[in-house]
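# Coordinate analysis (summary)
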Amino acid sequence: MADDSAALSSEQNRLVDDDMKKLSEDGKVDQKEYLETYNVVLSCVKSLLDLSRDKEHKEESLSEDTDEPQSKTELSKVLSQICGLVDHEKPQMQFTCTPDHYTHVNIIGKTLSLYLSLLDEAYVNKLSACIRSDCSHWLSKLFGYENALCCFHEHQWDGLVRVCRLALRLKYPKFGTEGFTALYTRPPVVYISSSAFNSLGHYLCTQLGLPQSSVCKVPCNTVFGSTHTMDIAAFERLFNDDVSCGKTPLLLIAYAGTPLAGHTDNLSRLRELCTQNGLWLHLEGDTLATLCLETVPASLKSAPACDSMSLNISKWFALPSAPYCTFYRAKDLVLAEASGLSQSHTSDRLSVLPLWISIQTIGLDKMREMILHAAQLSQQLCVSLDGMQAAMKRIAQPHCLSSMVVFKYKAAPVSPGESIVPTGGEDDASDQDEEQDDTELSSSAGSSSPEPGCVSPSVRDSINQMIAKYLAQQVPSVKIGVVNLPKEGCCIRFNPVLSSRICGTTSENVEDFVICLKEEVARLDALLLSQEEFRLATEGKEHVVVVEIQDTSAVGALLCVPRYWTNKDLGKLREAKKVELNDWNKEVLAKVSEGMEDVFSKGRTQDGLTCIIIDKVPASSSVDAVVDIVCKGASELETSSKYLEQMADAIQKGIEAAQQDLVKESEEKLLEEGLLRQVPLVSSFMNWLSPLPEEPKTIGRTFNLTSGNLHKTEKIYKYHMQVQDEDDEEAIPVTPTKSSSEAIPDKESPTVAD
C-alpha cells in the first residue's frame, strides 16, 4: 500500500509539473505574441509621426493593401493600411511630435480601461466611483477650485451644455416637469463674447433645443481696453434691454484666454455683475491653466469665484486619453444629476482611468512645473519681441499676463537715415497689478492703432503667412499658427500651453526661433526698402511700366514699352500688339541678363504679359543702377539695326496695304460711276444730266505706327482731327505678327499718310 501511495503521489506531482510547464510555455508564447504585436504597433506609430516619409512609400502601401479582407489578415498589413490612409504631404505649418513617457503611460491607461470594461458591472461601478472621486479631489486642489464638483466629458463643450441645463432648472423650477413650455413666457438668454468660436452659439442651441434668439453676442471693446475682450458697458446695456423685454438672463460665458488672441475678460467686474443680477458665470480659455501656479496672475484671481469652468486637461499636459473637465458648484445635487453633471454613462464610466493613472504617475508638483515651463517660454518670446518693436507688433493686453503670444510683422521698415521713435511696450510688471482696468487706454505694444506702412494690408498678410511658414520649417519644435484677427489681419500665434509638451519645446528652441525671426525680418526690411526704391526709380521713366506680380519676394517687375508707344496705359491692347510687346520684353530680358542671370528673370503679369522681374540687387550696386541697366538695354535695342529693320518692315507692309486698299477703292468707284462716264463726249453729257457728288470718292489712308493699324483720312480732312484706335471701328491691323500686351496710345501717334 505504501508503494502504491508513493507511486500515486509521484504521478500527481508529475502531472502538476507537466501542467505548470505547459502553462509556463503558454505564457512564454503569449508574451512573445504580445511583444510582436507591440513592435508592430510601435512601428506603425513611428511611421505615422514621421513627417519626412516620402510619398512613394504611401503609394506602395496603398497598392499592396487594396485587396478585399480575407478570413485572417496579419496585423502588420492592417496597420500599413492606416499608414497609407494618412496623408503625409507636408502641411503648411509643420511641427515635431515627440510623445514622452507620460504620454505613453496615458495611452496604456486607455487600453487598460477597455480591458477593465469587460468586468462585471458591479466592479466597474465601484471602480468608476473611486477614480472619479480621486481625480476630482486632485484637480480641484491643483487648480485651487475648492468646494466644487467635477464633471468629465469627451467633447469640448459637453460640460457647458450640462451646466446650461442646470442653470435652466435653477431659473425655471417647472422645467423638469413641464419642459420647454415653462420657458415660453420668459425665454432664456445666454450671453457669449463675440471673440468666442462662431460655432459655439449654434452648438448650444442645437444641444439644448433653444432658438437662435436665445444666444446674445456681446461685442468687444472698441475704444478702451483690449479690442479682443468683452465690452462691460455693452453687456450691461444688453442685459437691461433683455430684462425690460421680458426675457430671463440665464448664463454668461467669459474667457480667460480668448481663442484667437489669448486675452482675458475683466473677470472681477463680470463676477460682481453676475452676483448682483443672479446670472450664472462660466469660464473658458487656456489661460486657466495658470491657476495651478503658486503665483496666480492678477487677472485670474477672481476666476475661482465663478460658478463653473472648463479645463482642457488633455492638451495642457499632452495626455491624449484624458477627458475634458468641468468644475461647477451646485447646492442641489439632485438637479445636478438630472442635468447630466454627476451621472456617468455606461460607455464612459472608465474614461477617467487614464487620467487617474497619469496624475499619480506625474504628480501634482510635476504638473505645476509643466505649466510653469510653458509660461516661461511665453514670457521669453514676449521679451524678445519687445526688443524688436521697430519691425514687430505684439497683440498684447495691457496689465494682463497671457500664456499665448500673438504678433505680426509690420511691413513698415525704417530706412537707415530715419530715426526710430520707440513705442511703449507692454508693462513687464503686469502681474503685479491688483485688478484689470478696462478704462485704461490700450497704448502699449498691443494697441490696435493704425501704423504707417509701405505695403497694402493684403500684401502684409501674405508676408506674415510666409514668415510663419518659414519659421515652422526652420524650428519645428516651436509650434506656431496663423490667425486672422479683426482690425489686425493675419498674425502669428504661439501657444506653449497647448504645444510645448507634445513638441518638446525648450528655451533653446525659442532662442533659435527668435534668431531665425530676426534674420527673416532683416531680409524682409531690406526687400521692402528695395521695393520702395524701385518704385521711386521707375517714376519718370517714359518707356517703363511697373506691374504687379504675385511673388512678394521680388524687388519689382516692369514692362519695357517701345518709345513710339506714346501712351503707357496697357489696358486695351489688341492680340497682335500683345504678341509684339511680349517679344520685345523677351529680347530686352535676354540682353540685360548677360552676366546677371541671378538678378533678372522672366515673369507673368495677371493679364498674362511677359514682364522682367528683378529678383535681387547686387551688393555692389543699387536699385537705381539696376533699373538704368534695363532702360539702357531697351534703348540700345531700339537703335539696333534689327529693330530698325522691323520698323521698316512694318512701314513697308503699311504702305502696301494702303496701296492695295486704294486700288480696290478705285475699282469700286469705277463700277459705281458706270461705263458711260468713261466714254469721251458721252461722259460730259452724263455728268451734265446726272452730276457727281462734290466730295471726292477716293479717300487717302494713314498708317499708325503705335497701333499698327491702317485708317482712312476722311475724318482728318473733314473734321480736322487725328483718328485714335478706340474711335475708329474700321481700323485694319497690318502690323507684322510681332506684338505684345499692355499698351494703348493716348496722344497723337506718328503716321504715314498716302
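Residues numbered from 1 in each chain as written. Predicted model: local features only at pLDDT ≥ 70, side-chain atom pairs only at ≥ 80, totals over all residues. Heavy atoms only, no water.

The following threshold applies: UniProt positions are given in the numbering used here, feature names are shortened, and annotations may be inferred rather than shown by experiment.
The name an unreviewed UniProt entry gives the protein chain is Pyridoxal-dependent decarboxylase domain-containing protein 1, with Stylophora pistillata as the organism. What UniProt records for the protein chain under Cofactor (unreviewed entry) is the sentence "pyridoxal 5'-phosphate". Recorded in UniProt under Sequence similarities (unreviewed entry), the annotation for the protein chain is "Belongs to the group II decarboxylase family."

### Concerning the confidence of the model for the protein chain
Threshold: A residue's pLDDT is simply how confident the predictor is in it, with values from 0 to 100. To qualify as a helix, a DSSP run of H or I must reach at least 4 residues; to qualify as a strand, a run of E must reach at least 2; elements of each kind are numbered from the N terminus. Residue contacts are counted whenever heavy atoms from the two residues lie within 4.5 Å of one another.
Mean pLDDT over the protein chain stands at 77; residues scoring 70 or higher make up 66%. No element of the protein chain has a lower mean pLDDT than strand 19 (residues 751–753), which averages 40, and none a higher one than strand 5 (residues 280–284), which averages 96. With pLDDT under 50 throughout, residues 51–66 is counted as low confidence; its partners more than four residues away or in other chains account for 21 contacts. This stretch, residues 419–453, has a pLDDT under 50; its non-local contacts, to residues over four places away or in other chains, come to 69 contacts.

### Some remarks on the nonpolar core
The line we're drawing: Residues grouped as a nonpolar core are buried Ala, Val, Leu, Ile, Met, Phe, Trp, Tyr and Cys residues, joined through side-chain atoms within 4.5 Å. Here the term buried applies to any residue with accessible area under 20% of the maximum for its type, exposed to any over 50%, and partly exposed to those in between, with areas from a 1.4 Å probe on protein chains only.
Of all hydrophobic cores here, the largest spans 58 residues; its most connected members are Leu-139, Phe-143, Ile-313, Trp-316, Phe-317 and Leu-355. Take this core: its biggest share by element is six residues, from helix 5 (residues 121–143). Those residues within four positions of Trp-316 in sequence are excluded, and the remaining contacts are Phe-143, Gly-285, Asp-286, Leu-288, Ala-289, Leu-311, Ile-371, Val-497, Leu-498 and Arg-501.

### Remarks on the sheet that holds strand 15 (residues 610–614)
Heads up, the condition is: One requirement defines pairing of two strands: DSSP has to find at least two bridges between them. Axis definition: a line fitted to C-alpha atoms, limited for helices to the stretch in contact. Angles are taken between N-to-C directions and run from 0 to 180 degrees.
A sheet is described by the order of its strands in space; here four strands give the open sequence 12-13-15-14, paired in antiparallel fashion. Every interior strand has two partners, whereas the edge strands, strand 12 (544–547) and strand 14 (600–604), have only one. Pairwise comparison of adjacent strand axes, ignoring direction, gives a mean angle of 40 degrees for this sheet. Relative to strand 15, strand 14 runs antiparallel, the two being bridged by five bridges. Counted as the bridge partner of Ser-601 is Ile-613 from strand 15.

### Overview of the environment of His-153
Along the polypeptide, His-153 turns up in strand 1 (residues 149–153). Measuring from C-alpha to C-alpha, the distance between His-153 and Thr-326 comes to 8.0 Å, with 173 residues separating the pair along the chain. Excluding residues that lie within four positions of it along the chain, His-153 makes contacts with Asp-158, Gly-159, Arg-162, Pro-323, Tyr-324, Cys-325 and Thr-326.

### Regarding helix 17 (residues 507–538)
Three- or four-residue spacings in an α-helix give side chains the same orientation, since the helix completes a turn every 3.6 residues. Defined as follows: A helix is expected to span 1.5 Å multiplied by its residue count minus one.
For helix 17, built from 32 residues, the straight-helix expectation of 46 Å at 1.5 Å per residue is met to within 8% by its first-to-last C-alpha distance of 46 Å. Looking one or two places after helix 17, you find Gly-540, whose phi comes out positive at around 85 degrees.

### Side note on the pairing of strand 2 (residues 188–193)
Successive side chains on a regular strand alternate, one facing one side of the sheet and the next facing the other. With six of six residues buried, strand 2 lies mostly within the body of the structure. Side chains Pro-188, Val-190 and Ile-192 project from strand 2 onto one buried face, and the interleaved Val-189, Tyr-191 and Ser-193 project onto a second face that is buried too. For strand 2 and strand 4 (residues 248–255), the ladder comprises five bridges, and the chain directions are parallel. The partner of Ile-192 across the bridge, within strand 4, is Ile-253. Where strand 2 meets strand 3 (residues 215–218), four bridges bridge the pair, whose relative direction is parallel. In the strand pairing of strand 3, Ser-193 is matched with Val-218.

### A look at the environment of Ser-195
Heads up, the rule is: Any pair of N or O atoms that falls within 3.5 Å is considered a polar contact. Within protein, one atom must be able to donate a hydrogen and the other to accept it, and sequence-neighbouring residues count only if both atoms are side-chain atoms.
With respect to the helices and strands, the residue Ser-195 is situated in the loop between strand 2 and helix 8 (198–208). Take Ser-195: its relative accessible area is 13%, and that puts it in the buried class. In sequence terms Ser-195 and Val-218 are 23 residues apart; their C-alpha atoms lie 8.8 Å from each other. Excluding residues within four positions of it along the chain, Ser-195 makes contact with Cys-220, His-228, Thr-258 and Pro-259. At a separation of 2.9 Å, a polar atom in the side chain of Ser-195 contacts the side chain of Ser-193.

### Some remarks on unusual backbone geometry
We note that Ala-411 has phi near 60 degrees; this positive angle belongs to a residue other than glycine. Along the chain, Ala-411 turns up in the loop between strand 9 (405–409) and helix 15 (457–474). Positive phi values are uncommon outside glycine, yet Lys-487 reaches one of about 70 degrees. Note that Lys-487 resides in the loop between strand 10 (481–485) and strand 11 (489–494). Its relative accessible area of 64% is what places Lys-487 among the exposed residues.

### Examining the side chain of Glu-488
Summarising the element assignment, Glu-488 is placed in the loop between strand 10 and strand 11. Residue Glu-488 is classed as buried on the basis of its relative accessible area, which comes to 6%. One polar contact links Glu-488 to Lys-393, side chain to side chain, over a distance of 3.2 Å.

### Structural notes on the pairing of strand 10
On strand 10, burial follows the alternation: Gly-481, Val-483 and Leu-485 on one face are buried, whereas Val-482 and Asn-484 on the facing-out side are not. As judged from the five bridges shared by strand 10 and strand 11, these two strands associate in the antiparallel manner. Following the sheet pairing, Leu-485 is matched in strand 11 by Gly-489. Linking strand 10 to strand 11, which pair antiparallel, is a turn of three residues; within it Lys-487 sits at a positive phi near 70 degrees.

### Section: the pattern of salt bridges
Where we set the bar: By salt bridge we mean one thing: a side-chain nitrogen of Lys or Arg within 4 Å of a carboxyl oxygen of Asp or Glu.
Scanning all chains against the criterion turns up 14 salt bridges. Across the salt bridge formed by Arg-535 and Glu-532, the nearest N and O atoms sit 2.5 Å from each other. On the criterion of helical spacing, the pair formed by Arg-535 and Glu-532 is a turn pair, its members being three residues apart in helix 17. Using a relative accessible area of 40% as the deciding quantity, one classes Arg-535 as partly exposed. Lys-591 serves as the salt-bridge partner of Glu-636, at 3.2 Å between the closest nitrogen and oxygen. Of the two residues, Glu-636 is situated in helix 19 (residues 623–638) and Lys-591 in helix 18 (residues 575–592); the sequence distance between them amounts to 45 residues. Each of Glu-236, Arg-269 and Glu-272 takes part in salt bridges that share partners, so that together they form one network.

### Notes on helix 4 (residues 101–116)
Put simply, the rule reads: Regarding the arc, it is the one traced by the directions from the helix axis to the C-beta atoms.
The terminal C-alpha atoms of helix 4, which comprises 16 residues, lie 22 Å apart, in line with the 22 Å expected from a rise of 1.5 Å per residue. Residues Thr-103, Val-105, Asn-106, Gly-109 and Ser-113 constitute the buried set of helix 4. One side of helix 4 holds all its buried residues, which, seen down the axis, span an arc of 160 degrees. Turned more than 90 degrees away from the buried face of helix 4, the exposed residues are His-101, Ile-108, Leu-114 and Tyr-115. Summarising the contacts, the buried residues of helix 4 are in contact with helix 13 (353–362).

### Let's talk about the packing of aromatic side chains
By convention here, two paired aromatic rings are described through the distance between centres and the angle between planes. So the rule is basically this: Only Phe, Tyr and Trp rings are paired, with Trp represented by its six-membered ring, and only when their centres lie within 6.5 Å; those with planes under 30 degrees apart are stacked, over 60 edge-to-face, the remainder tilted.
Taken as a whole and assessed by the stated rule, the structure comprises eight aromatic pairs. For the ring pair Phe-143 and Trp-316, a centre distance of 6.0 Å and an interplane angle of 55 degrees mean the geometry is tilted. On the criterion of sequence distance, the pair formed by Phe-143 in helix 5 and Trp-316 in helix 11 (residues 313–316) is long-range, its members being 173 residues apart. Side by side, Phe-143 and Trp-316 carry an identical accessibility label, which is buried.

### Details of the packing of helix 5 against helix 14 (residues 364–386)
What describes two packed helices is the angle between their axes and the distance between those same axes. For clarity, the cut-off: Convention used here: angles under 35 degrees read as roughly parallel, angles over 145 as roughly antiparallel, angles from 65 to 115 as roughly perpendicular, and any remaining angle as oblique. A crossing counts as left-handed when the near helix is turned anticlockwise from the far one by less than a right angle, and as right-handed when that turn is clockwise.
Helix 14 packs onto helix 5 with a crossing angle of 45 degrees between their chain directions and a minimal axis gap of 11 Å. Considering the angle they form, helix 5 stands oblique to helix 14. The two elements helix 5 and helix 14 meet at a crossing, and its hand is right-handed. Facing helix 5, whose interface residues are Trp-138, Lys-141 and Leu-142, helix 14 presents Leu-364, Met-367 and Arg-368.

### Description of the side chain of Arg-394
Along the chain, Arg-394 turns up in strand 8 (residues 392–394). A relative accessible area of 7% places Arg-394 in the buried class. Here Asp-386 takes part through its side chain, which lies 3.0 Å from a polar atom of the side chain of Arg-394.

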